[in-house]
Amino acid sequence: MIIWLTIIAAGILTYATRLSFILFYGQIRMPSLMERALRFVPPVVLTAIFFPELLLNDGNLFLSFGNARLLAGMLAIVVAWRTKNVVYTIVIGMLALWILQFFFS
Amino acid sequence: MHANKSYQVLHPARNEFFSGIIAELPLMVGVIPFGMIYGILAISVGVPANAAQAMSAIIFAGSSQFVSAQLFGLSVPAIINLFTVGVINLRHALYSASIAPYLQKLPTRWKWVLAYLLTDEAYAVSIIHYQQEGDDRIKHWFFLGSGLTLWTTWQLSTAAGIYLGASVPASWSLDFTLALTFIALVVPAIKDRASLGAALAAGLVAVALFNLPLKSGLLAASLIGILVGLLLEGKS
């Protein structure tokens, strides 16, 4: 039940965000500090989510050449930087993880 | 007479609609695997199939669905899940502000429909179209065409992923596609020192504070990251 309430609330929230300026054009203005801050929101939130996925193992720092997720993630960062392509980044990162896991296990 | 008149009005609108579909199609190369991976991931972390599909229809925002499904899997409190979705989707306020001037003369029902279809991909092609020459009175048909193309593709590809999801074993580590997707979205978006500093600060703080209760480290990391970005931007 809670999952459904969360989904509906998240849907309303997302829709309200999309509708905001379209519906109230000219009546609301974005404060300039907020406009400047919004630019940083996507990279900041997404990085805060994926960094622990690469650097932590069960909540503990895992800095080692045995950390397949860290190595595959670093390769994916290079691929994303050079190609700017979502599909290449995911496919190459995933293949790297599988190969590394195969050798480390 | 009446039929002839409506033909003249409808025909350019129909052209706009199909132009919107055609402009959106190349983006589907990225959207289809993304949708399928989302479906597979949602099932693999334990989200029920109907809820996973409902997220695609109700939230309709890929990266936030990824994170939300992941957080459901970790049994994170609903309020944190909701907050995270809200933060990730804040960028849509920028799209809304940017495209709003072009939609002002439309009837309100059009605004409600187009706002629902305002995704990264539909915004990207529609805003370019609005900024080009042409008849601004019918360009909302282009937006509608691109938006519906994305919507349909997203629903079908997530359904395919959900269908496949149950047959994918955990040893495939498909949850890692979340981190990879974020890398693919973040890295090209880092264009200056300020955004690089903001992302690095947020990532490192998130690692340091990972074990705080209720995933509150994510909130702290985001705020610190934004602050670092604003400070670096002010300097340069």
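Residues numbered from 1 in each chain as written. Chains lettered and ligands numbered in written order. Predicted model: local features only at pLDDT ≥ 70, side-chain atom pairs only at ≥ 80, totals over all residues. Heavy atoms only, no water.

## Some thoughts on helix H2 (residues 28-44) of chain B
All names here are of chain B. The end-to-end C-alpha separation of H2 is 24 Å, in line with the 24 Å expected for 17 residues at 1.5 Å each. Three or more residues of H2 are buried, namely Met28, Val31, Phe34, Gly35, Ile37, Tyr38, Gly39, Ile40, Leu41, Ala42 and Ile43. Remark: glycine 46 follows H2 within two positions and exhibits a positive phi of approximately 100°. (Helix = DSSP H or I, 4+ residues; strand = E, 2+ residues; numbered from the N terminus. Expected span 1.5 Å × (residues − 1). Buried < 20%, exposed > 50% of the residue type's maximum accessible area, 1.4 Å probe, protein only.)

## Overview of the interface of chain B and chain A
Each partner contributes to the interface: chain B provides 86 residues, whereas chain A provides 63 residues. Taking both partners together, chain B and chain A bury about 6,400 Å²; carbon and sulfur atoms supply 80% of that area. Between the two partners, chain B and chain A, sit 3 salt bridges. The residue glutamate 233 of chain B makes a salt bridge to arginine 39 of chain A at a minimum N-O spacing of 2.9 Å. Linking chain B to chain A there are 16 residue pairs in polar contact (both at pLDDT 80 or more). Take the side of chain B that touches chain A: its biggest share by element is 11 residues, from helix H10 (residues 176-186) of chain B. (Contact = heavy atoms within 4.5 Å. Buried area = accessible area lost by both parts, 1.4 Å probe. Salt bridge = Lys/Arg side-chain N within 4 Å of Asp/Glu carboxyl O. Polar contact = N/O pair within 3.5 Å; in protein donor to acceptor, adjacent residues only side chain to side chain.)

## Topic: the domain arrangement of chain A
Taken domain by domain, chain A holds domain 1 (1-30) and domain 2 (39-104). The gap between the C-alpha centroids of domain 1 of chain A and domain 2 of chain A is 31 Å. (Domains from an automatic or database assignment.)

## Points about the packing of aromatic side chains
Within this structure, the stated rule accounts for 14 aromatic pairs over all chains. A connected cluster of aromatic rings, assembled from ring pairs, spans Phe17, Phe18, Trp110 and Trp141 of chain B. Here the basic side chain of arginine 82 of chain A rests over the ring of tryptophan 81 of chain A, its NZ or CZ set 5.1 Å away from the ring centre. (Phe/Tyr/Trp six-rings, centres within 6.5 Å; stacked < 30°, edge-to-face > 60°. Lys NZ or Arg CZ within 6 Å of the ring centre and 35° of its normal.)

## What to know about the domain arrangement of chain B
How big an interface is tends to be stated in terms of accessible area lost as the parts join. All names here are of chain B. Splitting chain B by domain gives domain 1 (2-172) and domain 2 (190-236). The distance between the C-alpha centroids of domain 1 and domain 2 comes to 28 Å. Here domain 1 and domain 2 share an interface that buries about 450 Å² over both sides, 88% of which is from carbon and sulfur atoms. Looking at the side of domain 1 facing domain 2, the largest losses of area belong to Pro77, Ile80 and Phe83, adding up to 60% of the total buried there. For the pair domain 1 and domain 2, the interface holds 0 salt bridges. Inspection of the region where domain 1 meets domain 2 yields 0 residue pairs in polar contact (both at pLDDT 80 or more). The element that contributes the greatest number of residues to the side of domain 1 that touches domain 2 is helix H5 (residues 78-88), accounting for 3 residues. A breakdown of the residues in the side of domain 1 that touches domain 2 according to their chemical character gives 6 nonpolar, 1 polar and no charged. (Nonpolar A, V, L, I, M, F, W, Y, C, P; charged D, E, K, R; others polar.)

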